[in-house]
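Architecture at a glance
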Amino acid sequence: MSRAVTDVAGSTGREPGEPQRRREVAALTRRLVAIDATNPSLVPGGAGERDIARFIAEWLERRTLMLAGHLDTVGGAGDGVETAGPDAASPGTPQPHDPAGRIVGRGAYDMAGGLAAAMIAAAPASAGLAGDIVLAFAADEEFGSVGMEELLAAIDADAAASGEARRPRPDAAVVLEPTDLEVTLAHRGFAWFRVEYEGRAAHGSQPELGVDAIDRAVDGMIAMRGLRGRLNASPRHPLLGTGSVRVATIEGGTDAATVADRCVLVVERRTLPGEADPGADLERLLAPSQPTRVVPLVARPAMEADPDSPIARAVLAAVEQVTGRPAVRRGDPWWTDAGLIAEAGIPVVLVGAAGGGAHADAEWVSLDSLTQLVGTLELVIRAICHEDAANGENGWNERRSEQ
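Residues numbered from 1 in each chain as written. Predicted model: local features only at pLDDT ≥ 70, side-chain atom pairs only at ≥ 80, totals over all residues. Heavy atoms only, no water.

Let us look at the packing of helix H6 (residues 213–233) against helix H7 (residues 278–286). For the pair H6 and H7, the least separation of the axes is 9 Å and the interaxial angle reads 125 degrees. Classed by the angle they form, the pair H6 and H7 counts as oblique. Viewed along their axes, H6 and H7 form a crossing whose handedness is right-handed. From H6, Gly 220, Ala 223, Met 224, Leu 227 and Arg 230 reach across to H7, where they touch Asp 281, Leu 282, Leu 285 and Leu 286. Among the residues making up the contact of H6 with H7, the classes are represented as 6 nonpolar, 1 polar and 2 charged. (Axes fitted to C-alpha atoms, helices over the stretch in contact; angles between N-to-C directions. Helix = DSSP H or I, 4+ residues; strand = E, 2+ residues; numbered from the N terminus. Parallel < 35°, antiparallel > 145°, perpendicular 65-115°, else oblique. Left-handed = near helix turned anticlockwise from the far one by under 90°. Contact = heavy atoms within 4.5 Å. Nonpolar A, V, L, I, M, F, W, Y, C, P; charged D, E, K, R; others polar.)

Written out as structure tokens, the structure reads:
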């Protein structure tokens, strides 16, 4: 044995990849040694082999990371040219080598830049991965999120399949909505309702002969104003503040000389993580105003990530490493497909490029931020799916053991 060690140590050539293998086997050996596997038949009260067996089983599993975004835009113009920045003399003049340049055009910020960053980061990452990357680019996020709903249903179907058709559900996800390289750990949910009031028409000169549907709707709006005050006075979420309620549209009456026999409100309720179904509360609130019906239109859940989860830690650390400053943690008042991903039981956070003009005529994304976003995603992929995950050094195995 001594001779063999001497021969290896004295050799002048090394196989390609040997330093990497050396680091990997050393790290994994340290992890195994750190787990108490004392045989209880030999040492009374010994921990036994359960923990080390569980660690090995989890180590052998492939982790799957989903990088998610949406394909649709809200409409508008823009040719995607690079410009010299917000104060460029000729905003449409290409500046391909300008380090402060921008890509201008509808969807550049929200969110073609995020899609491109994910594609660039994922393309070379397949070699040597100890896990899988799923690029989940969905349709219809800007309206009904039908694409993400169908995509998540397909993922569940794949996970339930047998044999070669079976593909595991993602263990974690990053949604690439524009965040200016800040890390979104929470966002609000929302629900829309149509509140219908019916009355009885009468001539405007004899309103006492009719039942004014608009008058009833006013009573409902006064009740919602009181709810808004109570929401504003409630304990604030550390990242999201409070929930909200508002009347989005009003439609009622036929002409100036007739008591309105119908009035319809569309109500929006913005919700916080963990908040109960707002529909039942809204119906109770409006009951004294006698609506004919309260019709739920659409409801989307709020989202909140565990900041100590492996995916949150990986993204926060990656942003700090790439930008050279502590990552900003934030909550967003708007909703994204991350709400559906979290509802499906997949841990998720959001990080995306810097820019401006989302949903506006002058939309742009910073090329510098896109480069940093690519670097961030490369680090996240490595942390979740690559050698760090395989060696159990990113907290993934500890997290699964706790579950």
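Moving on from the coordinates now.
Next up on the list: the layout of surface pockets. Quantified by volume, the largest pocket comes out at close to 540 Å³. Surrounding the largest pocket, 22 residues form its lining, Glu 141, Glu 142, Trp 334, Trp 335 and His 359 being those nearest its centre. Looking at the lining of the largest pocket, the elements with two or more residues in it are helix H4 (108–122), strand E7 (189–198) and strand E10 (293–300). Of the residues contributing to the lining of the largest pocket, the split by class is 9 nonpolar, 5 polar and 8 charged. (1 Å grid on protein atoms, 1.4 Å probe; cavity = no way out; pocket = protein on both sides within 12 Å on 5 of 7 lines; lining within 4 Å. Points joined across faces, edges and corners; volume = space filled by probe spheres on them.)

Here we take up H4. Given 3.6 residues to a turn, an α-helix orients residues that are three or four positions apart in the same direction. Here H4 is 15 residues long and its end C-alpha atoms lie 20 Å apart, about the 21 Å a rise of 1.5 Å per residue gives. Along H4, 11 of the 15 residues are buried, which leaves the element largely enclosed by surrounding structure. All buried positions along H4 are accounted for by Ala 108, Tyr 109, Asp 110, Met 111, Gly 113, Gly 114, Leu 115, Ala 117, Ala 118, Ala 121 and Ala 122. (Expected span 1.5 Å × (residues − 1). Buried < 20%, exposed > 50% of the residue type's maximum accessible area, 1.4 Å probe, protein only.)

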